[in-house]
Amino acid sequence: MYVDGTKYPYDDADLFTIIRNPYSRVLSEYYCPWNGFQPKYLRDTVHEKDPGDPKVMNEWVKSMVKRLGVAMNAFNMEK
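No experiment lies behind these values; they were computed from the predicted model shown. (Residues numbered from 1 in each chain as written. Predicted model: local features only at pLDDT ≥ 70, side-chain atom pairs only at ≥ 80, totals over all residues. Heavy atoms only, no water.)

Student: Just checking my understanding: could you explain the pattern of salt bridges for this structure?
Tutor: A side chain with one charge can pair with a side chain of the opposite charge if their charged atoms come near. Under the defined criterion, the tally for this structure stands at 2 salt bridges. Two residues, Arg25 and Glu29, come together in a salt bridge whose shortest N-O distance is 3.4 Å. Residue Arg25 and its partner Glu29 are located together in helix H1 (residues 22-30), separated by 4 residues, close to a single helical turn. Here Glu29 falls in the partly exposed class, since its relative accessible area comes to 34%. (Salt bridge = Lys/Arg side-chain N within 4 Å of Asp/Glu carboxyl O. Helix = DSSP H or I, 4+ residues; strand = E, 2+ residues; numbered from the N terminus. Buried < 20%, exposed > 50% of the residue type's maximum accessible area, 1.4 Å probe, protein only.)

Laid out in structure tokens, this is it:
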């Protein structure tokens, strides 16, 4: 779970973050050969749809956003 205030490991550290462009992140996820739209390395995957079709990509993105929302709700219920 989370670290409590008495054990915070970054008290004397200068913290930073790198933010990736959300659009390039979606493209990267979509074309990922392991977990993307048509994963190459997943057994018994049937490639019936054209990954270059914008409508196919939009439907995939919508389904992934919905799955992420479900996963986040499940995570928040565990707190």
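Student: Looking at this structure, how should I read the packing of H1 against helix H2 (residues 54-77)?
Tutor: A packed helix pair is summarised by two numbers, namely the angle formed by the two axes and the spacing between the axes. Interhelical geometry of H1 versus H2 gives an angle of 100° and a closest axis separation of 11 Å. It follows from the interaxial angle that H1 and H2 lie roughly perpendicular. Residues Val26, Leu27, Glu29 and Tyr30 of H1 touch H2, and the partners they reach there are Val56, Met57, Trp60 and Val61. Within the contact of H1 with H2, the residues separate by chemical class into 7 nonpolar, no polar and 1 charged. (Axes fitted to C-alpha atoms, helices over the stretch in contact; angles between N-to-C directions. Parallel < 35°, antiparallel > 145°, perpendicular 65-115°, else oblique. Contact = heavy atoms within 4.5 Å. Nonpolar A, V, L, I, M, F, W, Y, C, P; charged D, E, K, R; others polar.)

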